[in-house]
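The residues making up each chain are set out below.
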Amino acid sequence: MDTPSQGYDVATSNYKIGAITYQIRTLRDRQQFSDPEGFAEEAGISSAAWPMFGLVWPAGIALATEINQYHVEGKRILEVGCGIGLPSLVLQQRGADITASDYHPLAEEFMRHNTDLNGLAPIHFFKAAWLGPNPTLGRFDLIIGSDLLYERNHPELLAGFLASHANPACHILLTDPGRTNCSQFSTHMVAQGYTRTDTRYNLNKSLAPCPRGRFMSFVRAHA
């Protein structure tokens, strides 16, 4: 475990994605909290939700593994709600055109630390909430995310955010551990002209598909 920093404890662990092992600095556990200047509170992040950005979740590992094999050449890519951003690190390692976004006040700091740990150039980061369009963020050919639909209002908010930042032809790839809000989100995306397909995902240390975890692939050829 690393020494305490700014009121929270961190740890560094290794995650092997494909042939490469990444060093990832995370919060030590879900009990961490530090918001001395009130930035998280101002952003609407509760003390219970505060540490969620700073951990590597199974859905994030599954997404990183999948995106490590994805054809990314010529695509402008966004990881939305990136949190600790393991998939973005994998894409940066592959030389992809990757932008990471999150609204947690510490997400960019952790992302920068982890690119340094792995000898990578800084990933372009954009602090973005889902409450409205962010004109300077632009639009993307591929948008990825993991475990994003855990609050009741997230399907509508995320779908609106994606509508503002997806190119007319776009692929949206999300991993989800089986949350009940997926159907509502899918309804929003179908209304935007996407076709959805689902597949189960495997985790790195699992020989069988996760019983509830899935990739949700939304494809829109044009708008």
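Presented here is an overview of the structure given in this document. (Residues numbered from 1 in each chain as written. Predicted model: local features only at pLDDT ≥ 70, side-chain atom pairs only at ≥ 80, totals over all residues. Heavy atoms only, no water.)

## Structural notes on the overall build of the chain
Part 1 of the argument: Each helix and strand counted, the chain has six helices and nine strands in total.
Part 2 of the argument: Over its C-alpha trace the chain gives a radius of gyration of 17 Å, about what one expects of a compact globule, namely 17 Å for 223 residues.
Part 3 of the argument: The dimensions of the chain, computed from C-alpha atoms along their principal axes, are 50 × 40 × 35 Å.
Part 4 of the argument: Taken over 223 residues, the chain has a buried fraction of 49%.
Part 5 of the argument: Pairs at least 24 residues apart make up 67% of the contacts formed inside the chain by residues separated by at least 6 positions.
Part 6 of the argument: A total of about 10800 Å² of accessible surface is found on the chain, and carbon and sulfur atoms cover 50% of it.
Part 7 of the argument: Across the chain, 18 positive and 21 negative side-chain charges occur, with their mean positions spaced 8 Å apart. (Helix = DSSP H or I, 4+ residues; strand = E, 2+ residues; numbered from the N terminus. Rg over C-alpha atoms; globule rule 2.2 N^0.38 Å. Buried < 20%, exposed > 50% of the residue type's maximum accessible area, 1.4 Å probe, protein only. Contact = heavy atoms within 4.5 Å. Areas by Shrake-Rupley, 256 points an atom, 1.4 Å probe, with all protein chains shown as cover. Lys, Arg positive; Asp, Glu negative; His and termini not counted. Charge placed at Lys NZ, Arg CZ, Asp CG, Glu CD.)

## Some details on unusual backbone geometry
Part 1 of the argument: The phi dihedral of Asp147 falls on the positive side, at around 50 degrees, and the residue is not glycine.
Part 2 of the argument: With respect to the helices and strands, Asp147 occurs in the loop between strand E6 (140-146) and helix H5 (154-165).
Part 3 of the argument: What makes Asp147 buried here is its relative accessible area of 13%.

## Some details on the sheet that holds strand E9 (residues 214-220)
Part 1 of the argument: Read from one edge to the other, the open sheet built from seven strands follows the order E5-E4-E3-E6-E7-E9-E8, with strand pairing classed as mixed. If you trace the sheet from one side to the other, it starts and ends with strand E5 (124-127) and strand E8 (195-200), each paired once. The mean angle between the axes of side-by-side strands here comes to 20 degrees, regardless of whether they run parallel or antiparallel.
Part 2 of the argument: Inspection of the sheet shows strand E3 (residues 76-79) paired to E6 by three bridges, in the parallel sense. Bridge pairing in E6 links Ile77 to Leu142.
Part 3 of the argument: The sheet strands contacting helix H6 (residues 182-191) are strand E7 (166-176), E8 and E9, and the helix crosses E9 at an angle near 10 degrees. (Pairing = 2+ DSSP bridges. Axes fitted to C-alpha atoms, helices over the stretch in contact; angles between N-to-C directions.)

## Looking at the packing of helix H2 (residues 58-67) against helix H3 (residues 86-93)
Part 1 of the argument: Two elements in contact, H2 and H3, have axes separated by 8 Å at closest approach and are oriented at 20 degrees. Here H2 lies roughly parallel to H3, going by the angle between them. Taken as a pair, H2 and H3 cross one another with a handedness that is right-handed. Judged by residue contacts, Gly60, Ile61, Leu63, Ala64 and Ile67 of H2 engage Leu86, Pro87, Val90 and Leu91 from H3.
Part 2 of the argument: Among the residues forming the contact of H2 with H3, the class breakdown is eight nonpolar, one polar and no charged. (Parallel < 35°, antiparallel > 145°, perpendicular 65-115°, else oblique. Left-handed = near helix turned anticlockwise from the far one by under 90°. Nonpolar A, V, L, I, M, F, W, Y, C, P; charged D, E, K, R; others polar.)

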